[in-house]
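Residue strings, one per chain:
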Amino acid sequence: MMDQLGITSLRPGPSGNEQAPNHANYDESTANPFPTLPDVLTLKDGRRVTTAAVWWSQRRKEIVEDFEREVYGRIPANTPRVSWQVTETARASVGTYPVVRKQVVGHVDNSSYPLITVDIQLTLITPAAAQGPVPAMIMFRGTAGADPPATEPLIADGWGCAFLNPASIQADNGAGLTRGIIGLVNKGQQRRPDDWGALRAWSWGAARALDYLETDRAVDATRVGIEGVSRYGKAALVTMAFESRFAVVLVGSSGEGGAKLHRRHWGEAVENLTGTGEYHWMAGNFLKYGAAAASFGSRNAGDIPVDAHELIALCAPRLTFISYGVPEKGDARWLDHQGSYMAAVAAGRVFRLLGAKDLGTSDDYRTERMPAVNVGRLDGQLAWRQHDGGHTDGPNWTYFIRWADTFLTPADRPVSRVDENSLSAHAELVDNAKKGGIDIYFVGDSIARRWGATDYPDLLANWTQNFFGWNAADFGWGADKTQHILWRLENGELDGVNPKIIVVLAGTNNVGTMPPTAAMIEDVTRGIKAILDACRRKAPRAVIVLTAIFPRNDNVAVMPAIDRINANIARFADGKTVRFLNVNDKLADGNGRLFDGMMSERDRLHPTVKGYQIWADGLKPIFTERLGPPAATDHAPPPTGDPSARRR
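None of the values given here were measured: they were computed from a predicted structure.

Before going further, it helps to spend a moment on the pairing of strand 11 (residues 382-386). Of all the five residues making up strand 11, five are buried; the element is thus mostly covered by neighbouring parts of the structure. Going residue by residue along strand 11, you find Leu 382, Trp 384 and Gln 386 tucked away on one face and Ala 383 and Arg 385 tucked away on the opposite face as well. Where strand 10 (residues 319-324) and strand 11 come together, five bridges link them in parallel fashion. Bridged to Ser 323 within strand 11 is Arg 385.

The following block contains the structure:
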């Protein structure tokens, strides 16, 4: 490969032995020799990317081309067909849970070169008690069942797991490049400079495993994820970036070639990836960036046209969890935890552009620092958590499962939020429920919450002006989907309250900013119906006011879907115990375009005082009919605020 590229010598990589003369750098003051990363949202012609359409049609393709040509290599167009066969099915148990275990082999057609045989080894484990298809995680593992920290919690939560043996796809060494799937396609010959390396070959094998899962009725193939640790963490991230059918990824301790920025001078370096022990992971062209002398001169990490933040961005808006441990337990400083966090921060702009939530930080990757150990950023589709264990993602599985459930679980199934702030807020709302004195109970997401919370004094003043004397209490919480609201209702926030009226506004976070499919519209409808049913069960004497999802203009293209959901939930009303309130014609025109001043100019989603007053004007006749005029005193618990604000 060096001969093909005209390279006469390579720079040696730093040593992982901190006592060696050429030990890796661990001085943060010299860790950023190339502080400016390639701009993930600037086209090669210099134009800014400001819409999702331009990302999908142009910018994403540019980034993919650079990664394929220069970093990970291209999957050849003539890759052979894989025929899957279940060789064994058995009943077994994982802990106390009965499971079905299948041994599956994917035979790769080698008729073009019979001297090389590739049989992909896969073990699928699914809960025996499942009543339908389950989500599943494909895990890069040499030995099936070798990771109890992952298997049991997955099965307990209703997931399946599939152990994929990477060595059965492609050997983890340079000598194997003329064998395995790479050698089979090349008929035993050496690679060309832009041919795939082992990381991309393993990702190809994972995609073929997903092909099989799409045929297995025990698995919901729309909710399949990929996971790996160390070199297989790199492979998991590469898989997620290039294979769009995967719904979620857990990237464990991936380091250089994975989530770590190539441009960081810390720990493992580009020169390690271009050395004899690791070059087989990458495209041949990647050797250029470790060249000390070549026909083209010398190149380094700063010359690579892309970096890890763009690899993470290729996963957007799908669920992407970056996991690390701590050096004290063996997750070596070599991996550059901070450099990986910087990459995740820098990728966040793409997640937001595509309607997903990022880490919730600023976009300044140069100044952002990792949260404390065991303090995760788990509130969005892009997540980060550094646990207090070693070179494993084992301690993060519990957090990963709860986080993934939040986004992948049907809208009518309760799911707990996993971030500390939401759980603290839940505890406060349970305390408020126990205080009693509540006649009107508002439940919903941030649109409901902001109205009656101490964090927004002008909105709280409007709340008080409209509802004082009716004993109204606000049980909304920001960013909640229907699943989260259901969980709160089922876990103490409505127990024993016995309100006379419940106002529900939910569903906008399920819709998001991407136009939903018909199936998603039905899913959100079922989620709102489940909230209605929970309220009726826990407060059978209450009149329930279902409020139509408000118009949102952060992407007006979602308005037809919102209208369909509102039409669906309107049918739940009987005009007596369940009322349907739709004030959208006073908030927006017939095309869903907001009237001036109704919603925040910043996000075009949350109402202003003027918008909230429209809602209040719709509610007050119902309140008066049920409760009479407001009293001179009010007995509802005091409003709550954001718990994190008190900790700052």
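On to helix 14 (residues 482-493). Along helix 14, 10 of the 12 residues are buried, which leaves the element largely enclosed by surrounding structure. Along helix 14, the residues classified as buried are Thr 482, Gln 483, His 484, Ile 485, Leu 486, Trp 487, Arg 488, Leu 489, Gly 492 and Glu 493.

Now for the nonpolar core. Core analysis: the largest hydrophobic core is formed by 92 residues, its most contacted members being Trp 55, Ile 138, Ile 181 and Ile 312. For this core, the element with the most residues is helix 5 (residues 198-213), which contributes 10 residues. Aside from chain neighbours lying at most four places away, what touches Ile 138 is Ala 162, Leu 164, Ala 206, Ala 209, Leu 210, Leu 213, Val 224, Gly 225, Ile 226, Glu 227 and Phe 246. Counting residues in each nonpolar core, the second largest holds 37 residues, with Leu 429, Leu 486, Ile 531 and Leu 532 among its members.

Turning our attention to the sheet that holds strand 10. Spatial strand order, 2-3-4-6-5-7-8-10-11: nine strands in an open sheet with mixed pairing. Each end of this open sheet is capped by a strand with a single partner; those strands are strand 2 (82-94) and strand 11. Strand-to-strand, the axes of this sheet are offset by a mean angle of 20 degrees, without reference to chain direction. Where strand 3 (residues 97-108) and strand 4 (residues 119-127) come together, nine bridges link them in antiparallel fashion. Directly across from His 107, in strand 4, lies its bridge partner Asp 119. Seen against the sheet, helix 5 touches strand 2, strand 3, strand 4, strand 5 (134-140), strand 6 (160-164) and strand 7 (219-229) and runs at an angle of roughly 155 degrees to strand 5. Strands strand 5, strand 7, strand 8 (248-252), strand 10 and strand 11 of the sheet are contacted by helix 10 (residues 397-408), whose axis makes an angle of about 170 degrees with strand 10.

Scoring rules and cut-offs
- Numbering of residues starts from 1 in each chain and follows the order in which that chain's sequence is written.
- Given that the model is predicted, a residue must reach a pLDDT of at least 70 before its local features are reported, and side-chain atom pairs must reach 80 or more before they are shown or counted; all residues, however, enter totals for whole chains, interfaces and linings.
- To obtain the side-chain values, all non-hydrogen atoms of the structure were used and water was disregarded.
- In this scheme, a residue with accessible area under 20% of its type's maximum is buried, one over 50% is exposed, and one in between is partly exposed, where area comes from a 1.4 Å probe on protein chains only.
- A run of H or I in DSSP counts as a helix once it spans at least four residues, and a run of E counts as a strand once it spans at least two, with each numbered from the N terminus.
- The rule for pairing is simple: two strands pair if DSSP sees at least two bridges between them.
- Think of a nonpolar core as a cluster: buried Ala, Val, Leu, Ile, Met, Phe, Trp, Tyr and Cys residues, connected wherever their side-chain atoms sit within 4.5 Å.
- What makes two residues a contact is simply this: any of their non-hydrogen atoms within 4.5 Å.
- In this analysis an axis means a line fitted to C-alpha atoms, helices contributing only their contacting stretch, and an angle means the value between N-to-C directions, from 0 to 180 degrees.

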